[in-house]
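# A look at the structure
Read off the chains here:
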Amino acid sequence: MALIVHKYGGTSMGSTERIRNVAKRVAKWHRAGHQMVVVPSAMSGETNRLLGLAKELAPAKPGAAYGRELDQLGATGEQASSALLAIALQAEGLEAISFSGWQVPIKTDSSYTKARIESIEDVRVKAELDAGKVVIITGFQGVDPLGNVTTLGRGGSDTSAVAVAAALKADECLIYTDVDGVYTTDPRVVPQARRMERVSFEEMLEMASMGSKVLQIRSVEFAGKYRVPMRVLSSFTPWDIDLNEEARSGTLITFEDNEDMEQAVVSGIAFNRDEAKVSVLGVPDTPGIAYQILGAVADANIEVDVIIQNVSKGGLTDFSFTVNRNDLAKTLDLLQEQVVPKLGATEVLGDAKICKVSIVGIGMRSHVGVASRMFRCLSNDNINIQMISTSEIKTSVVIDEKYMELAVRALHREFDLDQPQDSLAKA
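Keep in mind that what you see is a predicted model, and the values were worked out from it rather than measured.

Moving on: the side chain of Ser41. Looking at where Ser41 falls in the secondary structure, it is placed in the loop between strand E2 (35-40) and helix H2 (46-57). Here Ser41 is in contact with Lys7, Tyr8, Gly9, Gly10, Met13, Glu78, Ser81 and Ser157, once residues within four sequence places are set aside.

Another point: unusual backbone geometry. Backbone geometry follows two general trends: most residues other than glycine have a negative phi, and most peptide bonds adopt the trans configuration. The omega torsion of the bond from Val104 to Pro105 falls at -10°, within 30 degrees of zero and hence cis. Along the chain, Pro105 turns up in the loop between strand E3 (96-99) and strand E4 (106-108). The phi angle at Thr113 is positive, at roughly 70°, despite the residue not being glycine. Note on placement: Thr113 falls in the loop between E4 and strand E5 (117-120). Under the relative-accessibility criterion, Thr113 is labelled partly exposed at 32%.

By the criterion of burial, strand E14 (residues 275-284) is predominantly enclosed, with 9 of the 10 residues buried. Bridge count between E14 and strand E16 (residues 316-324): 8 bridges; the pairing is antiparallel. For Val278, the partnering residue across the bridge sits in E16 and is Phe321. Pairing between E14 and strand E17 (residues 347-351): 5 bridges, direction antiparallel. Its bridge partner being in E17, Leu281 is matched across the sheet by Glu347.

What follows concerns empty space enclosed by the protein. Across all of its chains, the model carries 2 cavities of 30 Å³ or more by this definition. Put simply, the second largest cavity is a space of about 30 Å³. Considering the residues around the second largest cavity, the lining is formed by Val104, Ile120, Glu121, Asp122, Val125, Ile137, Val164, Ala167 and Leu168. It is helix H5 (residues 156-168) that provides the largest number of residues to the lining of the second largest cavity, a total of 3 residues. Its residues assigned to classes, the lining of the second largest cavity shows 7 nonpolar, no polar and 2 charged.

Each value, and the rule that gives it
Residues numbered from 1 in each chain as written. Predicted model: local features only at pLDDT ≥ 70, side-chain atom pairs only at ≥ 80, totals over all residues. Heavy atoms only, no water. Helix = DSSP H or I, 4+ residues; strand = E, 2+ residues; numbered from the N terminus. Contact = heavy atoms within 4.5 Å. Buried < 20%, exposed > 50% of the residue type's maximum accessible area, 1.4 Å probe, protein only. Pairing = 2+ DSSP bridges. 1 Å grid on protein atoms, 1.4 Å probe; cavity = no way out; pocket = protein on both sides within 12 Å on 5 of 7 lines; lining within 4 Å. Points joined across faces, edges and corners; volume = space filled by probe spheres on them. Nonpolar A, V, L, I, M, F, W, Y, C, P; charged D, E, K, R; others polar.

Now the structure itself:
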């Protein structure tokens, strides 16, 4: 008997019929002798609907109190879907019980709308599992030290599921979604994109951080840190598919030291449309300038991605970085009010019409000239590179948003990602 965690996304929970199918699938695993914990998202579109209502009523300058109420409101979507799934499982003849994050409890910090998990208590959940019940735990949410409901940000149900799997020492965490695995890039952009049978945690982490929407980055961090076996697979296969076949489907997130890992030079192309570039012009080229600019941004809980500082001219330099597009207005206001007067910068500019495209692959460690090959490919299509960021297994470029799909398709061809790789199919 294994302890298995299933996570289902919003589309999988999008109607009572789909919830009924999820219940039948979970029941199949439970009847095969497994202890089952399920972490569902809210029904498709429900969180957006709730937050849209809040936006209509929001104060002119929302503060921390507004963030608290957003979490109080947003958490209700998962609470509803969890209870509905428990009811559907009961209709299947199983004992099932649902818990909100605060009932487990899943303890987080107090960063409303993007809280981080600090610990998970397992006593209550294990007692119910030992009693033979299927346990459903709301994704996306937890409770802070003061007892306030918190949410983990977009995609937080993935993180909840993997964190729960780690805390319970689950044998495997299966992430059911509306795609049948992890692809070399988005098939909607490149129809020739290929599903990968397996990918390393390190590659998946880079792809998630670079814009791949299949998994939230924190869920991959948790899985890698606690070595939680993790698989991405489709919830739209028939629920009565053979269990052994289902358990081998999708994409396995595994470890680089696996002897069967295919170490292609580049494993995937990731992209992110949700970035914006901020440039602070004419700042003094003195020690500590980066901290004076980015320290204030970090204090406002704004995440910074790619950073570049230009060569000094006349003792002045330009400093540019990227942030999430939703944080652009907040960042510009912050810099204008706090940083520009202090540093005497000449101007602050924002550009929301950029995107980031990245090549990712553990094989880049053992191959030279991969970045230059990427740059040559983009140059051949007259795509100008505005910013560059690299790590050991990835190279990212910031380009004009209008060239994104052209760049992704060109790079996918350049690195032969549409070609089948037989070694990836090894079990």
